[in-house]
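For reference, the chains in residue letters:
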Amino acid sequence: MSHTPPLLLPRVLVKQACRALCILGALASAVDLSAQNTPLVSGGVGFFTNTNGGKTTYTPTLSPVLEAPVGKHLLFESKAYILESFFPKGGNQGYGTSHFTGVTYAQGDYLLSPHLTLVGGYYLIPFGTYNERLAPIWISNFQSAPLVTSLGLMGTGAGLGAQFRGNAIENKRVSIDYAAYFSGHSGNEQVVASRATGGRVDLYLPQQRLEIGVSYGRQLERSRTNTYGTHLWWQPQQLPIKIRSEYAHGAHAQGYWVEIDYRLSQFGGAESTVGRLEPVFRWQQTFRNSSDNTDGLPAANTQRTDFGLDYHLPHEVRINTSYARQFSSTRNVNIWETEIVYRFLFPAWKGK
């Protein structure tokens, strides 16, 4: 890794951003520009710090998203991820840098019927909730993903192939969503995927604002293992509280996480000084059943508690701060994280 002064990091990030936008532009060029609706470019840009065991890493990040509708039935969407990491070297040798540019997903969605959508391309694996719903930097309450997140995601979090997904039943009392996928193998640098299959089913009760879901994934290469998961989300009607939880069980490890956040909007409204505050809490555990260095979970049983305080500024700017204490037989460690994130949204060009 080369040493780069901190003042040069924004330049490097801009170069990586240009590369990523070129990738998205190339993908968008395959879409019919006579789309009835103007394509949108959205996403987030942020600056992250992580202090783990007394060592601090700085990471400016850009994550653009392209949404390009074509007619009434086809939607093309793609997301890139660009970051430049500025980290301390060992032995008081200053800081080094590393960068990453990649496509998170690039897919086409075709609406076959009100209850069925066909997805083709490079897509996020529908296992659990974090990968599809909470991972974007402008949504997640904590900078770090839960420790158990990697289970069921087949090593990369994305698949290459096809999905069938949609809403099977929907009325005032109940809604049932489903997603099923098959992925082929790809060793391409930008499109990495394993041969796998699986899916998820969600039951949502609108009146109770309660969601329960189950997930399944099967690796079809190498060890041919199965992974099972379940999740529960609840948002009470009376209070601005969100309760999210997830459990996953793999061949060599298992774990769960529970997250609670409370927006203080009852004190003067969501736009008041106090109402912009959002305390968050997450408790998680992982259990190692047998040794495995490929599932992404800690090598030993681990417990971690995260306390966070997020502040919602005007114009889609948010500041997240958190402290975590992690316990395991290998070592106990304190983790401090801060981030400032701006969410953007604008049309790709002027609409008619």
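Residues numbered from 1 in each chain as written. Predicted model: local features only at pLDDT ≥ 70, side-chain atom pairs only at ≥ 80, totals over all residues. Heavy atoms only, no water.

Let us now look at the overall build of the protein. Counting its secondary structure elements, the protein contains 2 helices and 18 strands. Across the protein, every contact between residues at least 6 apart in sequence was considered, and the portion connecting residues at least 24 apart equals 55%. Total accessible area on the protein is roughly 17900 Å²; 61% of this is exposed by carbon and sulfur atoms. (Helix = DSSP H or I, 4+ residues; strand = E, 2+ residues; numbered from the N terminus. Contact = heavy atoms within 4.5 Å. Areas by Shrake-Rupley, 256 points an atom, 1.4 Å probe, with all protein chains shown as cover.)

Another aspect to go through is a nonpolar patch on the surface. Side chains of Phe-47, Leu-313, Ile-319 and Ile-340 sit close together on the surface and give an oily, nonpolar patch of about 290 Å² of accessible area. The class for Ile-319 is partly exposed, based on a relative accessible area of 33%. (Patch = residues over 30% accessible without salt bridge, like charges linked within 9 Å, V, L, I, M, F, W, Y side chains within 5 Å. Salt bridge = Lys/Arg side-chain N within 4 Å of Asp/Glu carboxyl O. Buried < 20%, exposed > 50% of the residue type's maximum accessible area, 1.4 Å probe, protein only.)

Per-chain confidence: the protein averages 89 in pLDDT, with 89% of residues scoring 70 or above. This stretch, residues 1-14, has a pLDDT under 50; its non-local contacts, to residues over four places away or in other chains, come to 22 contacts. Ignoring residues within four places in sequence, the model shows residues 30-35, a span with pLDDT below 50, making 8 contacts including any to other chains. (pLDDT = per-residue confidence, 0-100.)

A few words now on the packing of aromatic side chains. A complete count under the given rule lists 10 aromatic pairs for this structure. Between Tyr-123 and Tyr-181, the ring centres sit 6.2 Å apart and the planes meet at 65°, which makes this aromatic pair edge-to-face. Note that Tyr-123 is positioned in strand β5 (residues 116-124) and Tyr-181 in strand β7 (residues 175-184), a separation of 58 residues in sequence. Assessed through its relative accessible area of 0%, Tyr-123 is described here as buried. When its relative accessible area of 4% is taken as the criterion, Tyr-181 is described as buried. (Phe/Tyr/Trp six-rings, centres within 6.5 Å; stacked < 30°, edge-to-face > 60°.)

Let us look at the pattern of salt bridges. Here the structure, examined in full by the defined rule, presents 13 salt bridges. Note that Glu-211 is salt-bridged to Arg-133, the shortest N-O span being 2.7 Å. Note that Glu-211 is positioned in strand β11 (residues 210-219) and Arg-133 in helix α2 (residues 130-134), a separation of 78 residues in sequence. The exposure class assigned to Glu-211 is buried, which follows from its relative accessible area of 11%. For Arg-133, a relative accessible area of 25% corresponds to the partly exposed category. Arg-276 serves as the salt-bridge partner of Glu-271, at 3.1 Å between the closest nitrogen and oxygen. Classification of Glu-271 as exposed rests on a relative accessible area of 57%.

Counting 17 residues, the largest nonpolar core has Ile-125, Val-148 and Tyr-181 as the members making the most contacts within it. Those elements that place two or more of their residues in this core are β5, α2 and β14 (253-262). Those residues in contact with Val-148 that lie beyond four places of it in its chain are Ala-248, Gln-254, Gly-255, Tyr-256, Trp-257, Thr-286 and Leu-297. In terms of nonpolar packing, the next biggest core, distinct from the first, is built from 8 residues, Leu-66, Ala-68, Ala-80 and Ile-82 among them. (Core = buried A, V, L, I, M, F, W, Y, C linked by side-chain atoms within 4.5 Å.)

For the rest of this paragraph, the subject is the side chain of Thr-286. Summarising the element assignment, Thr-286 is placed in strand β15 (residues 277-288). What makes Thr-286 buried here is its relative accessible area of 3%. Ignoring any residue separated from it by four or fewer positions in sequence, one finds Thr-286 in contact with Leu-147, Val-148, Gln-254, Gly-255, Leu-297, Pro-298, Ala-300, Asn-301 and Thr-302.

Look at Arg-222: it is not a glycine, yet its phi comes out positive at around 60°. Here Arg-222 lies in the loop between β11 and β12 (226-234). By relative accessible area, which is 66% here, Arg-222 ends up exposed.

One ladder, built from 9 bridges, connects β7 with strand β10 (residues 196-205); its direction is antiparallel. Residue pairing across strands places Tyr-178 opposite Val-201, the latter belonging to β10. The turn linking β10 back onto β11 is made up of 4 residues, and Arg-209 within it adopts a positive phi angle of 55°. (Pairing = 2+ DSSP bridges.)

All right, on to the side chain of Ser-78 then. Structurally, the position occupied by Ser-78 is in strand β3 (residues 74-88). The buried category is assigned to Ser-78, whose relative accessible area is 0%. From its side chain, Ser-78 meets the backbone oxygen of Tyr-105 in a polar contact 3.0 Å long. (Polar contact = N/O pair within 3.5 Å; in protein donor to acceptor, adjacent residues only side chain to side chain.)

This brings us to the pairing of β14. Strand direction decides the pairing type here: strand β13 (residues 241-249) and β14, joined by 9 bridges, are antiparallel. Within β14, the position partnered with Ile-243 by the bridge is Ile-260. Between β13 and β14, which follow one another and run antiparallel, lie 3 residues. Bridging between β14 and β15 involves 9 bridges; their strand directions are antiparallel. When the sheet's bridge partners are listed, Tyr-256 is paired in β15 with Gln-285.

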